[in-house]
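Structural characterization, general
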Amino acid sequence: MKWWQKAVIYEIYPKSFYDSNGDGIGDIPGIIKKLPYIKDLGVYAIWLTPIYLSPQVDNGYDVADYRKVDPMFGATDDLKELIKEAHKQNIKVILDMVANHTSDQCVWFRESKKSKDNYFSDFYIWKDPKPDGSAPNNWAASFGGSAWTYVPERNQYYLHYYASQQPDLNWENPIVRQYIFDAMRYWKAQGVDGWRLDVITQISKDLTFKDAPKVPGKKYVPLKNTSGPHMHKFIHELNREVLSPFDMMSVGEAPNSSIDEILKLTAPEREELDMAFSFEHMRIDKATGPNGELAVKKPDFKQLKDVLSKMQTKLANKAWNALYFENHDRSRIPSRWGDDKKYRYESATAFATILHGLCGTPFVFQGEEIGMTNPQYDMNQYEDIELKNSYQEQVEEKKLLTTKEFLDVEHKIARDNSRAPMQWNSSKNAGFSQGTPWYQVNPNYDEINVEKDRQSKKSVFKYYQDLIKLRHNEDILTEGTYKELIPEDENVFAYKRDLNDKHWLVLVNLTSKTIPMADLKSDEIKNYSKIIIHNYEGQEEKQLRPYEAVILAK
Ligand code: TEU
Ligand code: CA
């Protein structure tokens with residue numbers, strides 16, 4: 001076993017974690033101050049979203065200098081200090097590498113846009129306009145509008161899969177690859193243990209640059225498959241040149257990848273990545289309106305079970321799963337799939353039980369471990385460029401939705417839901433900052449915060465501690481086989497884990513209804529009776545209570 005296979009990894013969004021100097025922005029010294037908290041939770045590693053110099057158009061996913069820490073987070077020395085202190089406590093440190101694109105303020109781009117014949121000219125993807133002067137093709141950017149932006153100095157367009165301030169790097173250029181590899185080696189020299197690789201499956205482009213098949217009513221068409229022909233080759237090279245020689249863990253973000261693609265990316269003998277974040281299981285509540293407008297639907301838990309089970313079985317003995325429900329691009333699970341009012345504790349711990357019972361490495365996003373919820377913000381309280389661009393397009397330009405309809409969807413799924421500051425205690429600004437927080441604290445912080453949760457009889461944090469301990473102490477969770485029971489059941493997730501003569505059952509009610517045991521069409525379930533972990537007190541043999549979750553042994 002590798003260390004990361006036994007690990008639970010804690011994702012930190014530094015901006016919103018803890019502000020140590022009162023400027024309203026979470027920072028690296030703030031993370032150092034909270035290391036004892038992280039140690040208490042029990043995780044083996046932390047992953048920091050980008051802390052490099054950045055204009056923050058996309059909260060650091062627009063990097064201006066890969067070797068500098070943005071002063072708002074502290075100095076490079078602070079990061080070194082964090083790594084040193086974390087290592088003292090046996091906590092590994094994982095950074096986020098944004099290798100698909102840079103900021104338009106990165107000096108590589110500032111030079112590149114000046115002319116067609118300088119050292120950096122070929123660092124990005126430049127194409128001539130169509131004869132009528134329009135963009136080279138109809139590709140849409142993820143954050144709205146065309147994926148191409150015109151630059152008069154070159155009389156050319158550059159490609160950007162995300163915002164226009166995030167130009168895509170040209171990975172076909174070997175010097176670009178070396179620049180990225182070198183930046184990663186630089187951070188290794190500072191003690192970094194591994195990488196989360198932002199949209200790494202998008203680094204290779206479709207080199208024909210042909211129009212995507214037209215979609216009625218859409219001027220720009222979102223790409224269905226963003227993995228180009230050289231993706232595996234480039235990732236293999238990254239593995240050979242950086243990850244393997246320097247023994248660094250890797251988890252790649254794989255937005256559009258199928259399960260087969262995930263397997264290719266993570267099968268050890270292919271020497272690409274250790275793990276990849278698949279998106280499929282997070283689409284169970286996504287919908288699109290008749291005119292392509294944003295929409296959500298009631299989560300389809302049958303589909304959730306299917307997708308997770310497929311991942312478990314397809315990767316079994318071949319590769320390793322990265323497990324998550326929340327992150328900085330996802331909203332809070334009790335609000336999204338559970339019940340964030342009456343059954344907040346129960347639903348938070350129910351989904352946690354499902355995740356930590358599976359085979360793979362669980363990732364926990366800051367605040368998830370105390371059951372934080374989505375704030376119901378008004379339009380003017382949102383910060384995210386993706387959301388704002390989408391509002392501009394869907395509500396203001398195309399009038400596909402009213403503001404209220406738009407907000408109803410975003411209250412469920414907006415990325416900003418999880419980016420509100422961490423709620424530490426009931427004091428001013430939830431104890432996050434002595435100054436004015438860069439982003440508004442969820443007004444429910446008096447109710448939901450670390451201090452209060454840890455004193456409560458129903459502590460989500462305590463439940464996470466117990467789950468994480470189980471992952472560390474019980475090989476059955478890391479090495480045991482997986483088998484789903486009652487796959488047809490829409491309300492209850494039940495699966496077995498088996499290792500040698502140990503046999504466990506993970507049993508979770510995904511609803512706020514009470515479900516009679518007699519409804520569960522399996523003879524096997526009753527064979528398990530010894531409680532390993534349970535989010536209710538006292539065992540009820542006849543029924544599963546709302547969001548009841550339990551791991552039982554035979
Ligand atoms: O996210 C990639 C990605 O696919 C997102 O666009 C995601 O689908 C979307 O946010 C869902 O609403 C990564 C980072 O995690 C994200 O924070 C960045 O904005 C993005 O890349 C660009 O770097
Ligand atoms: Ca600060």
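Residues numbered from 1 in each chain as written. Chains lettered and ligands numbered in written order. Predicted model: local features only at pLDDT ≥ 70, side-chain atom pairs only at ≥ 80, totals over all residues. Heavy atoms only, no water.

Spelled out, the test is: UniProt positions are given in the numbering used here, feature names are shortened, and annotations may be inferred rather than shown by experiment.
Looking up the protein in an unreviewed UniProt entry gives the name Alpha-glucosidase, with the organism given as Lactobacillus crispatus. Listed under Sequence similarities (unreviewed entry) in UniProt, the entry text for the protein is "Belongs to the glycosyl hydrolase 13 family."

**Some remarks on the pattern of salt bridges**
Selection rule: Salt bridges, as used here, are contacts in which a Lys or Arg side-chain nitrogen is within 4 Å of a carboxyl oxygen on Asp or Glu. Only DSSP runs of H or I covering at least 4 residues are called helices, and only runs of E covering at least 2 are called strands; the numbering of each starts at the N terminus. Burial status follows relative accessibility: with a 1.4 Å probe on protein chains alone, a residue under 20% of its type maximum counts as buried, one over 50% as exposed, and anything between as partly exposed.
Counted according to the given criterion, the structure contains 37 salt bridges. Across the pair R196 and D96 runs a salt bridge whose closest N-O atoms are separated by 3.0 Å. One end of the pair, R196, is in strand 9 (residues 194-197); the other, D96, is in strand 5 (residues 92-97), with 100 residues separating them in the sequence. Of the two residues, R196 and D96, neither departs from the other in class, the shared state being buried. Between R419 and D384 there is a salt bridge, with its nearest N and O atoms 3.8 Å apart.

**With respect to empty space enclosed by the protein**
Definition in use: Whether a set of points on the 1 Å grid over the protein atoms alone is a cavity depends on a 1.4 Å probe fitting there but being unable to get out, while an open set qualifies as a pocket with protein on both sides within 12 Å along at least five of seven lines; lining residues are those with an atom within 4 Å of a point. Grid points are joined across faces, edges and corners, and a volume is the space filled by probe spheres set on the points. Residues are grouped as follows: Ala, Val, Leu, Ile, Met, Phe, Trp, Tyr, Cys and Pro are nonpolar; Asp, Glu, Lys and Arg are charged; every other residue, Gly included, is polar.
Summed over the entire model, instances satisfying the criterion amount to four cavities of 30 Å³ or more. Roughly 90 Å³ of volume is contained in the largest cavity. H281, L308, M311, N321 and A322 are, among the 13 residues lining the largest cavity, the residues nearest its centre. Mapped by element, the contributors of at least two residues to the lining of the largest cavity are strand 11 (275-278), helix 9 (301-315) and strand 14 (322-323). Tallying contributions element by element places helix 9 first for the lining of the largest cavity, with four residues. Here the residues of the lining of the largest cavity sort into nine nonpolar, four polar and no charged. For the second largest cavity, the calculated volume is near 50 Å³. In this structure, the second largest cavity is lined by F325, E326, I333, P334, A348, F351, A352, E368 and Y464. Counting only elements with at least two residues in the lining of the second largest cavity, the list comes to helix 10 (333-336) and helix 11 (344-357).

**Comments concerning the side chain of E410**
We apply this condition: Only four residue types enter the charge count: Lys and Arg as positive, Asp and Glu as negative, with His and the chain ends excluded. Residue contacts follow a heavy-atom distance rule, with two residues in contact if any of their heavy atoms lie within 4.5 Å.
Mapped onto the fold, E410 is located in helix 13 (residues 403-413). Although buried, E410 forms no salt bridge, and the nearest oppositely charged side chain, R415, lies 8.3 Å from it. Sequence-distant contacts of E410, that is, excluding residues within four places in its chain, are made with L294, Y382, L387, S390 and N417.

**Focus: the layout of surface pockets**
The calculated volume of the second largest pocket comes to roughly 700 Å³. Around the second largest pocket sit 35 residues that line it, and W4, Q5, P268, A319 and W320 are the ones nearest its centre. Those elements that provide at least two residues to the lining of the second largest pocket are helix 1 (3-6), helix 7 (231-243), strand 10 (249-254), helix 9, helix 16 (475-479) and strand 16 (481-485). Counted by class, the lining of the second largest pocket contains 14 nonpolar, 13 polar and eight charged residues.

**A short note on the coordination of the calcium ion (ligand 2)**
As a reminder of what qualifies: Listed donors are limited to N, O and S atoms within 2.8 Å of the metal, widened to 3.2 Å for Na, K and Ca; water is not among them, so incomplete-looking sites are possible.
Within the first shell, the calcium ion (ligand 2) binds the protein through D19 (OD), N21 (OD1), D23 (OD), I25 (O) and D27 (OD), at distances of 2.2 to 2.4 Å. Donor residues for the calcium ion (ligand 2), ordered by position in the chain, follow D-x1-N-x1-D-x1-I-x1-D. For D19, a relative accessible area of 3% translates into the label buried.

**Examining the domain arrangement of the protein**
How we decide: As used throughout, domain bounds are those supplied by an automatic or database domain assignment. The term buried area refers to how much accessible surface (probe radius 1.4 Å) is lost by two components on association, counted for both of them together. The term polar contact refers here to a pair of N or O atoms within 3.5 Å; inside protein, the definition further demands a hydrogen-donor-capable atom paired with an acceptor-capable atom, and it admits residues adjacent in sequence only when both atoms are side-chain atoms.
You can read the domains of the protein as domain 1 (3-100 + 174-383 + 418-462) and domain 2 (481-553). In this complex, domain 1 contributes 23 residues to the contact, which on the side of domain 2 involves 23 residues. Carbon and sulfur atoms supply 66% of the area buried between domain 1 and domain 2, which totals about 1900 Å² over both sides. The largest contributions to the domain 1 side of the interface with domain 2 come from K305, T353 and I354, which together make up 29% of the buried area. Where domain 1 packs against domain 2, one counts one salt bridge. At the boundary of domain 1 and domain 2, one finds eleven residue pairs in polar contact (both at pLDDT 80 or more). When residues of the side of domain 1 that touches domain 2 are traced back to their parent elements, those giving at least two are helix 9 and helix 11. Looking at the side of domain 1 that touches domain 2 residue by residue, the class counts come to ten nonpolar, seven polar and six charged.

**A short note on the nonpolar core**
Stated precisely, the cut-off is as follows: By nonpolar core we mean a set of buried residues, namely Ala, Val, Leu, Ile, Met, Phe, Trp, Tyr and Cys, connected to one another through side-chain atoms within 4.5 Å.
Counting residues in hydrophobic clusters, the biggest one holds 151 residues, and the most contacted among them are Y10, I38, I46, L79, M97, W195 and F325. Looking at which domains feed residues into this core, each of domain 1 (3-100 + 174-383 + 418-462) and domain 2 (481-553) gives three or more. Setting aside residues no more than four positions away along its own chain, I38 makes contact with Y10, I12, F17, V43, I46 and I91.

**Digging into unusual backbone geometry**
Leaving glycine out, the prevailing phi sign among residues is negative, and the prevailing peptide bond configuration is trans. Here V199, not a glycine, exhibits a phi torsion of approximately 25°, which is positive. Considering the arrangement of structural elements, one finds V199 in the loop between strand 9 and helix 7. Backbone geometry places I486, a non-glycine residue, at a positive phi of 35°. Residue placement: I486 occurs in the loop between strand 16 and strand 17 (492-499). Relative accessible area serves as the criterion here: at 4%, I486 is assigned to the buried category.

**Comments concerning the packing of helix 12 (residues 385-397) against helix 13**
Put simply, the test is: To obtain each axis, a line is fitted to C-alpha atoms, and for helices this fit is confined to the stretch in contact; angles are then taken between N-to-C directions over 0 to 180 degrees. Each crossing gets its hand from how the near helix is turned against the far one by less than a right angle, where anticlockwise is left-handed and clockwise is right-handed.
At a minimum axis separation of 11 Å, helix 12 and helix 13 run at an interaxial angle of 145°. Pair helix 12 / helix 13 crosses with right-handed handedness. Residue-level inspection shows L387, S390, Y391 and V395 of helix 12 in contact with helix 13, the latter providing T403, F406 and E410.

**Regarding the sheet that holds strand 7 (residues 148-151)**
Selection rule: When DSSP finds two or more bridges between a pair of strands, those strands are recorded as paired.
A sheet is described by the order of its strands in space; here three strands give the open sequence 6-8-7, paired in antiparallel fashion. Either end of the sheet is taken by a strand with one partner, and the two such strands are strand 6 (126-127) and strand 7. Where strand 6 meets strand 8 (residues 156-159), two bridges bridge the pair, whose relative direction is antiparallel. Looking across to strand 8, one finds that K127 is bridged to Y157.

**Quick word on the pairing of strand 9**
Stated precisely, the cut-off is as follows: When the strands point away from the viewer and the path from the first strand over the helix to the second turns clockwise, the crossover is right-handed.
Alternating residues of strand 9 divide into G194 and R196 and W195 and L197, and every residue in both groups is buried. Relative to strand 9, strand 5 is paired through four bridges, and the arrangement is parallel. In the strand pairing of strand 9, M97 is matched with L197. Relative to strand 10, strand 9 is paired through four bridges, and the arrangement is parallel. Within the sheet, the bridge partner assigned to G194 lies in strand 10 and is M249. Between strand 9 and its parallel partner strand 10, the chain crosses via helix 7, and the hand of that crossover is right-handed.

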